[in-house]
Structures are given as structure tokens and as C-alpha cells.
Amino acid sequence: MYNTTAFLYEATAAFEQPETTCEEIQAVFQQAGIQPPGQLGDLGSGTGLMSILFAQKGWQVYGVELSPAMMAIANHKKQALPVEIQARLHWEPGNIQSFALPEGMRLDAAICLCNTINHLTEWHQVEAFIQSVHQALRPGGLLVLDSDRLETFQGYFNHPPTVVWEDETRRVTRACAFEESTGRARHRAMVEQATPAGWQQLSEEDMALQYHPEVRLKEAFAAAGFQLENAAPFNPFPSLYRDLIPKVLWSFRRL
Ligand SMILES: C[S@@+](CC[C@H](N)C(=O)[O-])C[C@H]1O[C@@H](n2cnc3c(N)ncnc32)[C@H](O)[C@@H]1O
């Protein structure tokens, strides 16, 4: 997952207007009385896309990320940033189901964005994630996360092989199959390279995403000691999703 296709994440899967999305989330924090400077956790920080935007807003960011390829891109981008922003960014390899913070650190806020929670395909992984965030946040701290709605899985994570990206040297084809009875969508991405003899396969990568019913998420956070602050329709892909709202944007306060 996100290994050989990491280079494509920002071109094909990341938020369409990341700056606008960052503003929206910053407004959620502000409404909850939480503002930078402070310690922000970016859980499943990927290529650092949102980490960097939040660091530019004054947050001290601590990211946790499973994919070395995604984190390598984040660290590469970091080199080009002003030193005062670089100093606010730290990404650590790790699993959001079981991460521990450095000695003495407590998060004032956390984000887990761009359907990262749907990458936790087993329910016990979601529960472990919720426990880990509860431990990491200070009392009163806020977690903002988005989750994909069932309609998104049915309509968009279910299609035959489709070229999703192409230049003169490489192209990527993705297929998705959604199984209604389990709520599981299986994605397969194939990367090919242009050769004089035509396209030649370089790699193939599988990824599973799981629909988590909203009621179930709400109950699990409540049971773990979070208060639901808000659950709002969320469409950070306005040109892709014109006919439905693909996500819920949640904010949970750690009690
Ligand atoms: C769709 S991307 C979102 C990246 C980032 N949150 C953003 O908003 O751009 C999901 C990311 O979560 C990471 N991820 C998935 N499961 C994870 C886990 N259990 N622990 C840490 N990272 C994970 C993936 O490697 C990937 O980088």
C-alpha cells in the first residue's frame, strides 16, 4: 500500500484543494477553542501534505506514518521549506493503532485525514486507533478525522481497470471492487513503464479500504471517552464528487 504508487498520491488521491481543506479544519479547531501554537498529531501523515500546511499555520506537527515511501516524499519536500517551518515538522515511522509519543509530549489536537481511518480494515484496528489517540491527546484535546460514506464506496470504489495517470514514461491503471456484504473495497494499481516495445509492467500494488458505519464510529469514540463535537458533510473533492457528499468530517473531544 502506497509504496510504488506513493509518487502519485498527491496527483490522484490527495485533497483537491489542500489549502482550503486546511482552512476548514483550522476553523473547526478554532470553534472548539483550540489554536496554534500547540502540538498537533498528523495520524497517517502520508506525504506531509497537511502536516506542512498546519506547520505553516504555526502548529508543531508530529506525524505517524506506516509507508516509508510516503514518508520519504514528505522528508524530501521538507528540505525545500524555510528553516522555521522545517523546525515544526517531525514524522515518525509507526502504526496509528499503537503509536507512542516521545517522552513528555502530549497532543493538543490531532488530524487523521483523507480516509486514513478507512485503511484500518478490521474493527479491532479502529478500536486500537481510538485508544491510542485517547492516550496521546491531552484532556480537552480535539481529534478531527474524515471517513468515507457508504455511497462513496458503492459509486466510486467500484470500477473496472481505468488509467488514472499517465505521462510519457509511466502510466498507472487502477481497478476497484466493492463487496456490499462486507463493506470492503479492494483496489489494485498497476504501474507501467513506456518502452520501445510498448507499455511494460513495473509493479502491482493492492490496497483494501473498509466502510465503517457512522453509528458504529460514533459509539466506539463515545465508549473510549470522547465527546462528539460535530459531524458534518464534507466534500474536499468538489470537481470529482458533484452528485454526492463523499465524506463525514468528525470532531471528537477527548474527555
Ligand atoms: C489516503 S492517505 C492520507 C494521507 C494524509 N493523511 C493526507 O491527508 O494527505 C492514507 C495514509 O495513511 C497511511 N496509513 C494507513 N494505515 C496506517 C497505519 N495503520 N498506521 C500509519 N499510517 C497508516 C498510508 O500509508 C497513507 O500514507
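Figured I'd write up the structure that's included with this text. (Residues numbered from 1 in each chain as written. Predicted model: local features only at pLDDT ≥ 70, side-chain atom pairs only at ≥ 80, totals over all residues. Heavy atoms only, no water.)

### Structural notes on the sheet that holds strand S8 (residues 184–195)
Picture the strands of a sheet paired through backbone hydrogen bonds; they go either parallel or antiparallel.
Logical step 1: Across the sheet, 4 strands lie side by side as S6-S7-S8-S9; this open sheet has antiparallel pairing. Both edges of this open sheet fall to strand S6 (159–166) and strand S9 (198–210), since each of them pairs with a single strand only. The sheet shows a mean angle of 20° between the axes of neighbouring strands, direction not considered.
Logical step 2: Of the pairings in the sheet, the one linking strand S7 (residues 170–179) to S8 comprises 10 bridges and is antiparallel in character. (Pairing = 2+ DSSP bridges. Helix = DSSP H or I, 4+ residues; strand = E, 2+ residues; numbered from the N terminus. Axes fitted to C-alpha atoms, helices over the stretch in contact; angles between N-to-C directions.)

### Comments concerning the packing of helix H2 (residues 18–31) against helix H3 (residues 49–56)
Logical step 1: Look at H2 against H3: their axes get within 10 Å of each other, and the N-to-C directions meet at 60°. Between H2 and H3, the interaxial angle falls into the category oblique. When you trace H2 past H3, the crossing you get is right-handed. Across from Pro-18, Glu-19, Thr-21, Cys-22, Ile-25, Gln-26 and Phe-29 in H2, the residues of H3 making contact are Leu-49, Met-50, Leu-53 and Phe-54.
Logical step 2: Here the contact of H2 with H3 is composed, by residue class, of 8 nonpolar, 2 polar and 1 charged. (Parallel < 35°, antiparallel > 145°, perpendicular 65-115°, else oblique. Left-handed = near helix turned anticlockwise from the far one by under 90°. Contact = heavy atoms within 4.5 Å. Nonpolar A, V, L, I, M, F, W, Y, C, P; charged D, E, K, R; others polar.)

### Some details on helix H8 (residues 214–223)
Logical step 1: Among the residues of H8, Leu-217, Ala-220 and Phe-221 are the ones counted as buried. The buried residues of H8 all sit within an arc of 95° when viewed along its axis, so they share a single face. The exposed set on the far side of H8, more than 90 degrees from its buried face, consists of Val-215, Glu-219 and Ala-223.
Logical step 2: Contacts made by the buried residues of H8 are with helix H6 (123–136), strand S5 (137–148), strand S10 (226–234) and strand S11 (247–254). (Buried < 20%, exposed > 50% of the residue type's maximum accessible area, 1.4 Å probe, protein only. Arc of directions from axis to C-beta.)

### Some points on the packing of aromatic side chains
Logical step 1: Going through the model one piece at a time under the given rule, you end up with 15 aromatic pairs.
Logical step 2: Ring geometry for Phe-226 versus Phe-252: centroids 6.4 Å apart, planes at 75°, classification edge-to-face. Here Phe-226 is found in strand S10, whereas its partner Phe-252 is found in strand S11, with 26 residues between them in sequence.
Logical step 3: Since its relative accessible area comes to 1%, Phe-252 is described here as buried.
Logical step 4: Members of the aromatic cluster, connected to one another through ring pairs, are Phe-15, Tyr-156, Phe-234, Phe-237 and Tyr-241. (Phe/Tyr/Trp six-rings, centres within 6.5 Å; stacked < 30°, edge-to-face > 60°.)

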